[in-house]
Every structure is written in C-alpha cells, then in structure tokens.
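These are the residues of each chain, in order.
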Amino acid sequence: MKNKTVCVVGLGYIGLPTAALLANNGYQVIGVDVDPKVVETINQGKIHIVEPDLDSFVQSAVFSGRLKAYTTPQAGDIFILSVPTPFYNTGEIPQPNLEYVLTATKAIAPYITTGNLVILESTSPVGTTTQVYETLKAEGVDVENIFIAYCPERVLPGKIMVELIENDRIVGGINPASTQEVKTFYKTFVQGKVLETDSQTAEMSKLVENSYRDVNIAFANELSLLSDANGINVYELIRLANHHPRVNILQPGCGVGGHCIAVDPWFLVAKNPDLARLIHTARKVNDFKADWVIEKVKSTALAFELEQHRKPKIACMGLAFKPDIDDLRESPALAIAKALQTQFENLLVVEPNIKQHIDFNLVNYNDAVEQADILVFLVKHKEFIGLELDGRLVLDFCGILTEVEFK
Ligand code: SAJ
C-alpha cells in the first residue's frame, strides 16, 4: 500500500499533520489547499499553524520530496478530505455548512479512477459520506468501482503528532468493501486499534464523543451555579463526588470554547431537534455560563462601588479557550472580556500566551495582580497558579484557587 499516492485536501489542523505523517511513512503525498500562501509556506518546508513537532515532520516530508503542496487536486490513489465544516449561526439551532466538503468533493471528482479510495475526515453530520457518494456520482465518477469511507479524527490540539499515531480510530465505509479498504490503509500508519463500522455510525461516533463532553461539562457548569447560590465551593464538591467509584464529573469553567466541543453537538441537534433535547440544553447551559459570569462580575463591581465610593479596577485573567494554549477560537473568556470592556473603563486584560490583541492592551499578570481591585480568573493558565492572592477580591471561574485538573 505504501507505494501509493495520497492526495490530502485541506491543509489545516488535521490535514497538514496527516499529510506530513503519511509522507514520513513512505507515501507520496499531494497536499491541496485553496490558500496560495499556505501552499507556498508548506513547499518551503515551513508551517502556518502552531502545533508541537509538526515543523520537523513537515520539513522532512518536504525536503525528502514526499510531500508537495498545490492549490488544486492532482491524481492519486487515495483522497482524504479534511476541510472545515462550520455552521450557519442563524436561528435558534445553528445548521451545518457542508459547502467546503461538497466543493472539495467536486474538485477531486475529475481525478478519481477505478479502485481509488475516498476518505472523509472532516467532522460531519450523519449522512455526509453518503452525500459525498451522491456528489461524486453526479459528477460522473464510476462510484460502484471505487471505495468511499468516513474516518473521524479525535486528536487533541497540542498532542496531534502523537495522537494521530497512537489513538484508536473508527473507520466506516459506505459498503463492507470500502470499510476493509480504509482499514487496511489506516493500519499502515496507526498504532492504535482500527475499529470497523459503517459510515453513518462512524460519523455519529465523532459527534457523540464531543457531545458527551459538552453534556458532562454542562452538568459541572450547572453545579457551579447551584453551588454559588448555596455558598459551596464547586471544585471541592466535584473533587469529593468524584471519589465515588462510578462518578467522573468534569470541571466547570467560564463556558465551553474551541472549534469542536462547542460546535459538534449542534450537528446532532440540527438533524433531530425534537429528539436531541438533552444535548441541545447542554449547549444552552454552557453558553449561558458565560453570560452568568458577566453578570457576576457586574454585581461584584457594583457592590465594591457602593462600599468604596469609587469604581473598581477589574482584571480579566486569561483569554484562550482552555489552559496553556494561545488559541482564542470560540473562546468564552474572550467574549466575556469583550463584553466587560464595554462596561468598565480601564479594564486590565491578561493573556500570557499571546503578545498582542487587536481589541485589548494586554498587561503582564503580575502587574494586573498588583493593580486590580477585582481579579476575574477565566482560564487556569499555569502562570496564574500559586499567585499571591491573600486579601485580594477574587472571582474564580476556573478553579484557580483549588487543586483541580482539567482532563
Ligand atoms: N472544558 C471545561 N471543563 C472540562 C474540560 C474542558 O470547561 O472539564 C472546556 C475547555 O475549557 C474548553 C472546552 O471545554 O473551553 C473544550 O476543551 P477540550 O479540552 O475538551 O477539547 P478541545 O476542543 O481542545 O479538543 C477536543 C478534544 N476532546 C477531548 O476529549 C479532550 C479532542 O480529542 C477532539 O479530537 C477535538 O476536540 C476535536 O477535533 O473534535
């Protein structure tokens, strides 16, 4: 199998690491991205995204001649689609946007020949692989004599190069022959188990994994509201409850962010709105948590003002969507800081993982601790742990004052 050529369409957080890994495993790889700057960067052996070890994988793949990037697809034996699947954020239930998947499918259609394997890796609503099949058929591809399958990725940003190799993978073909073909392919570079199913179950398993986390975090976030109303430390509460051998509650935060957990559950809700009631509610509970945080800061500031007869100086500690990263996509902390900036003059904003931000004059965390009247901890970055906070007015929305670990 390794003498084959793989065409990877979409060179983002999943496509580029996958392309580089395949090239380092002996495959000839064609990388495709619509952005000419991305293509140019990769062909220089460089990378356009932040991910540990990715640079050395890409460098060796490009310099060995096994990875070359283009702006349009080229002929190959295996085609991997790893393009974004965002959603249209209109109405009460956001709807999946399959434009990129279907455009990429049409783009590879002219290059597909008998015996080729087409794999969809993008997180997708149930039924999308069948849509890929239908689209290829409509484009004149002899779909009865090729293999088509879905294979979701489940890697953790920051550990992608390790998890792409070590994680178990789920593969599901549109028919048993496709499942076998795609399994044989992944087994050439994955050390984890490669588990077989059909394409619809594979699609749904990815959505279910991320919805499971969203629902569990929503439970924790709801507990944080109940605990606050009852004068209880929610982190202590969860730590104790998790000593039960069959209880494993995740941690509350200032909301749920990132481009996976906060997005994928909508694909289930959009498909079956009348049935996915718990998953829908979890999304709303997690989104509401950020609004609740804003109100909590405002009421604390008002109480301060009434007591001290001056407006407090407030510091927002952390902007990223989770600890120790520089990624601000869909970050509730960022949304909270933006909302507070409209209410409070001279808001101090701290994000140790980035140097500058268009909306804020970022300050050093030590300066913020020294200057602020109210410290609002939004993200549990390592820099904030163990800061001297005795006697300070602290609003802890991420467990900075308690020993808890985000899993
Ligand atoms: N969060 C909490 N409490 C927790 C854990 C997380 O509030 O106890 C929040 C985080 O602060 C963050 C959000 O949830 O805002 C998502 O963080 P995450 O670490 O759960 O997930 P991501 O988005 O970085 O990556 C996830 C990964 N899922 C995990 O189960 C850790 C990864 O395995 C998936 O492959 C990836 O989504 C994806 O591409 O779907």
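Everything numeric here is computed off the predicted structure, so don't read it as measured data.

### Digging into the overall build of the protein chain
Per the secondary structure count, the protein chain includes 13 helices and 14 strands. Overall, the protein chain is about 75 × 45 × 40 Å in size when its C-alpha atoms are taken along their principal axes. Across the 407 residues in the protein chain, those meeting the buried criterion constitute 52%. Contacts in the protein chain between residues at least 24 apart in sequence constitute 68% of all its contacts with a sequence separation of at least 6. Carbon and sulfur atoms make up 52% of the accessible area of the protein chain, which totals about 19,100 Å². The distance from the centre of the 36 positive side-chain charges to the centre of the 50 negative ones in the protein chain is 3 Å.

### With respect to the sheet that holds strand 13 (residues 374-377)
Sheet architecture is open: 4 strands sit in the order 12-11-13-14, paired in parallel fashion. Bordering the open sheet on either side are strand 12 (348-350) and strand 14 (393-396), each of which pairs with just one other strand. Across this sheet, the average inter-strand angle for adjacent strands is 15°, counted without regard to direction. Here 4 bridges tie strand 13 to strand 14, and the two strands are oriented parallel to one another. Within strand 14, the residue paired with isoleucine 374 across the bridge is leucine 393.

### Some points on the domain arrangement of the protein chain
Taken domain by domain, the protein chain comprises domain 1 (5-199) and domain 2 (232-396). One C-alpha centre belongs to domain 1, the other to domain 2, and the line joining them spans 34 Å. Between domain 1 and domain 2, the contact holds 15 residues from the first and 15 residues from the second. A combined buried area of about 1,300 Å² lies between domain 1 and domain 2, and 69% of that area is made up of carbon and sulfur atoms. Counting across the domain 1 and domain 2 interface gives 1 salt bridge. Lysine 284 serves as the salt-bridge partner of glutamate 92, at 3.4 Å between the closest nitrogen and oxygen.

### Here's the deal with the sheet that holds strand 10 (residues 194-198)
Strand order across the open sheet formed by 8 strands is 3-2-1-4-7-8-9-10, with mixed pairing between neighbours. The strands lining the two open edges of the sheet, one partner per strand, are strand 3 (67-70) and strand 10. Each adjacent strand pair in this sheet contributes to an overall mean axis angle of 25°, direction not counted. The sheet contact formed by strand 4 (residues 78-81) and strand 7 (residues 117-120) spans 4 bridges and is parallel. From the neighbouring strand, phenylalanine 79 faces strand 7, where its bridge partner is valine 118.

### Examining the pairing of strand 7
With burial as the criterion, each face of strand 7 is covered, one bearing Leu117 and Ile119 and the other bearing Val118 and Leu120. On the question of chirality, the crossover connecting strand 7 to the parallel strand 8 (residues 147-150) by way of helix 5 (residues 128-138) is right-handed.

### With respect to the packing of aromatic side chains
If you walk through the whole model with that rule in mind, you get 7 aromatic pairs. Note on tyrosine 27 and phenylalanine 185: the rings are 5.5 Å apart at their centroids and 75° apart in plane angle, and the pair reads as edge-to-face. A residue pair is termed long-range when its members are at least 10 positions apart, and tyrosine 27 in the loop between helix 1 (15-24) and strand 2 (28-32) and phenylalanine 185 in helix 7 (residues 176-186) qualify at 158 residues. Owing to a relative accessible area of 0%, tyrosine 27 belongs among the buried residues under this scheme. Measuring from centroid to centroid gives 5.7 Å for phenylalanine 377 and phenylalanine 384, while their planes differ by 65°, and the two rings are edge-to-face. You'll find phenylalanine 377 and phenylalanine 384 in the same group, each marked buried. Aromatic rings pair up to connect Tyr27, Phe185, Tyr186 and Phe189 into one cluster.

### A look at the site of the ligand
Neighbouring the ligand are 20 residues; Lys206, Asn210, Gln251, Phe321 and Lys322 lie closest to it. Valine 155 has a polar backbone atom sitting 2.8 Å from an oxygen atom of the ligand. At 2.5 Å from an oxygen atom of the ligand is found a side-chain nitrogen or oxygen belonging to lysine 206. Protein coverage of the free-state accessible area of the ligand, which is 750 Å², stands at 90%. Here the element with the most residues in the shell around the ligand is helix 8 (residues 199-229); it accounts for 4 residues. Considered class by class, the residues forming the shell around the ligand number 10 nonpolar, 4 polar and 6 charged. Formed jointly, the shell around the ligand draws a minimum of three residues from each of two domains, domain 1 (5-199) and domain 2 (232-396).

### Considerations on the packing of helix 10 (residues 264-271) against helix 11 (residues 277-308)
Between helix 10 and helix 11, whose axes approach to 9 Å, the crossing angle comes to 135°. It follows from the interaxial angle that helix 10 and helix 11 lie oblique. Crossing hand, helix 10 versus helix 11: left-handed. On helix 11, the residues touching Pro265, Trp266, Leu268 and Val269 of helix 10 are Ile279, His280 and Arg283. Per-class residue counts for the contact of helix 10 with helix 11 are 5 nonpolar, 1 polar and 1 charged.

### Side note on the pairing of strand 13
Because side chains alternate across strand 13, one face comprises the buried residues Ile374 and Val376, and the other comprises Leu375 and Phe377, equally buried. Looking at chain direction, strand 11 (residues 314-317) and strand 13 are connected through 4 bridges and run parallel. For methionine 317, the partnering residue across the bridge sits in strand 13 and is phenylalanine 377.

Parameters and conventions
- Residues numbered from 1 in each chain as written.
- Predicted model: local features only at pLDDT ≥ 70, side-chain atom pairs only at ≥ 80, totals over all residues.
- Heavy atoms only, no water.
- Helix = DSSP H or I, 4+ residues; strand = E, 2+ residues; numbered from the N terminus.
- Buried < 20%, exposed > 50% of the residue type's maximum accessible area, 1.4 Å probe, protein only.
- Contact = heavy atoms within 4.5 Å.
- Areas by Shrake-Rupley, 256 points an atom, 1.4 Å probe, with all protein chains shown as cover.
- Lys, Arg positive; Asp, Glu negative; His and termini not counted.
- Charge placed at Lys NZ, Arg CZ, Asp CG, Glu CD.
- Pairing = 2+ DSSP bridges.
- Axes fitted to C-alpha atoms, helices over the stretch in contact; angles between N-to-C directions.
- Domains from an automatic or database assignment.
- Buried area = accessible area lost by both parts, 1.4 Å probe.
- Salt bridge = Lys/Arg side-chain N within 4 Å of Asp/Glu carboxyl O.
- Right-handed = clockwise from strand over helix to strand, strands pointing away.
- Phe/Tyr/Trp six-rings, centres within 6.5 Å; stacked < 30°, edge-to-face > 60°.
- Near = heavy atom within 4 Å.
- Polar contact = N/O pair within 3.5 Å; in protein donor to acceptor, adjacent residues only side chain to side chain.
- Nonpolar A, V, L, I, M, F, W, Y, C, P; charged D, E, K, R; others polar.
- Parallel < 35°, antiparallel > 145°, perpendicular 65-115°, else oblique.
- Left-handed = near helix turned anticlockwise from the far one by under 90°.

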